[in-house]
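Secondary and tertiary structure notes
Residue-level listing of the chains:
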Amino acid sequence: MKRFLSTKNNITFFTLWFLVIGIAILLLNSILSGDFHWAPIIILTLVITIIVWVLIDTRYVIKSNLLLYRSGPFRGRIDINKIKRIKMHSGLFVPVSMKPSLDTNGLIITYNQYDDVFISPENKSVFLEELKKINPNIEVND
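Residues numbered from 1 in each chain as written. Predicted model: local features only at pLDDT ≥ 70, side-chain atom pairs only at ≥ 80, totals over all residues. Heavy atoms only, no water.

Structural notes on helix α1 (residues 10–33)
End to end, α1 covers 34 Å across 24 residues, agreeing with the expected 34 Å (1.5 Å per residue, within 8%). The set of residues buried in α1 consists of V20, I23 and L27. Lining the buried residues of α1 we find α2 (38–56). The N-capping residue of α1, defined by a side-chain oxygen 2.8 Å from the backbone nitrogen of I11, is N9. Taken from the residues just after α1, G34 is the one with a positive phi, measuring 80 degrees. (Helix = DSSP H or I, 4+ residues; strand = E, 2+ residues; numbered from the N terminus. Expected span 1.5 Å × (residues − 1). Buried < 20%, exposed > 50% of the residue type's maximum accessible area, 1.4 Å probe, protein only. Contact = heavy atoms within 4.5 Å. Polar contact = N/O pair within 3.5 Å; in protein donor to acceptor, adjacent residues only side chain to side chain.)

Here you go:
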């Protein structure tokens with residue numbers, strides 16, 4: 001089993017932490033002033049929890065013939081033998097719907113017929129080598 005953490009784009013990382021701190025200050029201010037309602041407090045606390053969970057727990061694991069990805073509560077698995085193509089990607093707009101990543105530079109993995117996911121492992125070359133050991137037919141595009 002090989003584990004890879006996600007790279008972190010500084011803008012994304014600090015923006016999310018700024019958001020967490022800002023929401024926490026608003027919640028604390030609301031509670032201390034006595035002007036609060038339970039529903040918004042519960043919802044905002046859940047939002048803070050999910051954001052922190054994503055920031056702390058975004059990683060990728062290669063286990064036997066599976067690629068497992070997780071980003072907080074968002075998780076998935078890909079059969080490595082069904083990976084067709086991996087494309088390097090850099091830029092703010094990532095043309096996929098599933099992005100368990102904290103960076104804008106990473107890999108778009110295409111598997112099955114039309115499924116794709118964007119990930120950003122810290123050591124991309126070692127990550128690609130491990131995938132190619134399991135499925136040497138993966139096409140890698142720069």
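Read on for the rest.
Examining the packing of aromatic side chains
All chains considered together, the criterion is met by 3 aromatic pairs. With 5.1 Å between their ring centres and 90 degrees between their planes, F4 and F127 make a pair best called edge-to-face. With F4 in strand β1 (residues 2–5) and F127 in helix α3 (residues 124–134), the pair connects residues that are 123 residues apart, well separated along the chain. On the basis of relative accessibility, which here comes to 8%, the residue F4 falls in the buried class. Relative to W17, the ring of F13 lies with its centre 6.4 Å away and its plane at 75 degrees, an arrangement referred to as edge-to-face. Of the two residues, F13 and W17 both sit in helix α1, 4 residues apart, roughly one turn of that helix. Among the aromatic residues, those joined into a cluster by ring pairs are F13, F14 and W17. (Phe/Tyr/Trp six-rings, centres within 6.5 Å; stacked < 30°, edge-to-face > 60°.)

Digging into the sheet that holds strand β6 (residues 105–111)
A sheet is described by the order of its strands in space; here 4 strands give the open sequence β7-β6-β5-β8, paired in mixed fashion. Each end of this open sheet is capped by a strand with a single partner; those strands are β7 (115–119) and β8 (139–141). Between one strand and the next, the sheet's axes are offset by a mean angle of 20 degrees, whatever the strand orientation. Of the pairings in the sheet, the one linking strand β5 (residues 83–90) to β6 comprises 7 bridges and is antiparallel in character. Residue pairing for β6: K87 is matched across the bridge by I108. Across the sheet, α3 lies against β5, β6, β7 and β8, angled at about 15 degrees from β6, the strand it touches most. (Pairing = 2+ DSSP bridges. Axes fitted to C-alpha atoms, helices over the stretch in contact; angles between N-to-C directions.)

Details of the pairing of β6
Counting buried positions over the 7 residues of β6 gives 6, a clear majority of the element. Two elements, β6 and β7, share 5 bridges in a ladder whose sense is antiparallel. The partner of I108 across the bridge, within β7, is F118.

Description of the pattern of salt bridges
Scanning the model with the defined rule gives 3 salt bridges in all. Here D57 makes a salt bridge to R59, at a shortest N to O gap of 2.9 Å. Judged by its relative accessible area of 21%, R59 falls in the partly exposed class. We note a salt bridge from K133 to E130, for which the minimum N-O separation is 3.1 Å. Residue K133 and its partner E130 are located together in helix α3, separated by 3 residues, close to a single helical turn. With relative accessibility at 12%, the residue E130 sits in the buried group. (Salt bridge = Lys/Arg side-chain N within 4 Å of Asp/Glu carboxyl O.)

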